[in-house]
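This is what each chain is made of:
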Amino acid sequence: MSHTIQSMLIDDELNNISLLRKMLQKHCPDVNVIATETDAIKGLKLIEELQPELVFLDIQMPKLNGFEVLKKLEPIHFEVIFVTAYAEFAIEAFDYHAIGYVSKPVASDKLKASVDRASERIREKKSTENIFSLIEHRIHQNEETKIPLSTMSGLLFVTKEDIMYCESSGNYTSFMMKDGRKIMVSRQLGEYEKLLTDAFFVRIHDKFINNLKYVT
């Protein structure tokens, strides 16, 4: 059964919003547009109020550009698809962990591909919520030595003692393992802080949790 994605459209041009909305209705029926806004500052407040799962965001807007909107919302709890006429912002957009970057005029196949990726990411997040709750409960009872890492290729369980440190990057967390692997997961550092309650894990900074066993 498909999941209806609660989404918002923010673009300073009303005709762009109208066109995108029609394309979503035709090509991405699982996307439910709960709000639209042409004013970036009002859009920011709407995101905080409505808590959408997916935001289609223009970049070049008066008052605040799309990147500035996201900075004010960190940590970001939703997926982002940038819809813009400016191709030169693509690299910076993915620095903000955008799930998609669609150039105007919008091509239906690229729009659908971006929405499909967002949908998969949203399903992945939802599917791990119960697992996280169960693991957190067992950790508090000192019954669990492993934690789940929600990677792009699926759920990976790692032994806590093998984690050297964790680093936050917006809506993502990178785990540096003792065997040299760097594992990026699509969850925030604060969620893992609840799982890494052992005495040798210390949050030394907003962006870092360190395993003191590897500090010399």
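The structure we're discussing is the one just above.
Residues numbered from 1 in each chain as written. Predicted model: local features only at pLDDT ≥ 70, side-chain atom pairs only at ≥ 80, totals over all residues. Heavy atoms only, no water.

A. View of the pattern of salt bridges. Tallied over the entire structure, the rule returns 11 salt bridges. Taking the shortest distance from any N to any O, the salt bridge between D58 and K104 comes out at 3.6 Å. Within this pair, whereas D58 is found in the loop between β3 (54-57) and α3 (66-73), its partner K104 is found in the loop between β5 (100-103) and α5 (108-140), the two being separated by 46 residues in sequence. Take K104: its relative accessible area is 23%, and that puts it in the partly exposed class. When the shortest N-O distance is used, the salt bridge between K213 and E161 registers 3.3 Å. (Salt bridge = Lys/Arg side-chain N within 4 Å of Asp/Glu carboxyl O. Helix = DSSP H or I, 4+ residues; strand = E, 2+ residues; numbered from the N terminus. Buried < 20%, exposed > 50% of the residue type's maximum accessible area, 1.4 Å probe, protein only.)

B. Summary view of the pairing of strand β10 (residues 182-185). Burial along β10 is one-sided: the face carrying I183 and V185 is buried and the face carrying K182 and M184 is not. Summarising the sheet, strand β9 (residues 172-177) and β10 pair through 4 bridges and their orientation is antiparallel. If you follow F175 over to β10, its bridge partner there is I183. With antiparallel pairing between neighbouring strands as the criterion, β9 and β10 make up a hairpin whose turn holds 4 residues, including G180 at a positive phi of roughly 95°. (Pairing = 2+ DSSP bridges.)

C. A look at the nonpolar core. In terms of nonpolar packing, the biggest core is built from 22 residues, with L57, F78 and F82 touching the most fellow members. When residues of this core are traced back to their parent elements, those giving at least two are β1 (5-10), α2 (40-50), β3, α3 and β4 (79-84). Contacts of F78, omitting those with residues within four sequence positions, involve I47, P52, E53, L54, V55, L70, L73 and N171. (Core = buried A, V, L, I, M, F, W, Y, C linked by side-chain atoms within 4.5 Å. Contact = heavy atoms within 4.5 Å.)

D. Geometry of the environment of S7. When you line up the elements, S7 lands in strand β1. In this structure, S7 is in contact with V31, N32, V33, I34, A35, P52, L54 and F56, ignoring residues within four places of it in sequence.

E. A look at the packing of aromatic side chains. Summed over the entire model, instances satisfying the criterion amount to 4 aromatic pairs. Measuring from centroid to centroid gives 6.2 Å for Y165 and F208, while their planes differ by 55°, and the two rings are tilted. Here the residue Y165 occupies a position in strand β8 (residues 163-169), and F208 occupies one in strand β12 (residues 208-211), the gap between them amounting to 43 residues. Y165 gets classed as partly exposed once you look at its relative accessible area, which sits at 27%. On the basis of relative accessible area, F208 is assigned to the partly exposed category, the value being 25%. Residues F200 and F201 carry aromatic rings whose centres are separated by 5.2 Å and whose planes lie at 45° to one another, so their mutual orientation is tilted. (Phe/Tyr/Trp six-rings, centres within 6.5 Å; stacked < 30°, edge-to-face > 60°.)

F. Quick peek at the sheet that holds strand β11 (residues 201-205). An order of β10-β9-β8-β12-β11 is seen for the 5 strands of this open sheet, with the pairing classed as antiparallel. Every interior strand has two partners, whereas the edge strands, β10 and β11, have only one. Going from strand to strand, the sheet's axes swing by 20° on average, the running direction of each strand aside. Pairing of β8 with β12, which is carried by 3 bridges, proceeds in the antiparallel orientation. Across the sheet, the residue bridging to E167 is F208, located in β12. (Axes fitted to C-alpha atoms, helices over the stretch in contact; angles between N-to-C directions.)

G. Empty space enclosed by the protein, seen in detail. Under the counting rule described, the total for this entry stands at 1 cavity of 30 Å³ or more. Put simply, the largest cavity is a space of about 30 Å³. Surrounding the largest cavity, L9, I10, D11, L20, F56, L57, D58 and V83 form its lining. Elements supplying a minimum of two residues to the lining of the largest cavity: β1 and β3. In terms of residue class, the lining of the largest cavity is built from 6 nonpolar, no polar and 2 charged. (1 Å grid on protein atoms, 1.4 Å probe; cavity = no way out; pocket = protein on both sides within 12 Å on 5 of 7 lines; lining within 4 Å. Points joined across faces, edges and corners; volume = space filled by probe spheres on them. Nonpolar A, V, L, I, M, F, W, Y, C, P; charged D, E, K, R; others polar.)

H. Summary view of α2. All buried positions along α2 are accounted for by A40, G43, L44, L46 and I47. Taken end-on, α2 shows its buried residues confined to a sector of 165°, consistent with a single buried face. Opposite the packed face of α2, turned more than 90 degrees from it, sit the exposed residues K42, K45 and E49. Buried residues along α2 sit in contact with β1, β2 (31-37), β3 and α3. (Arc of directions from axis to C-beta.)

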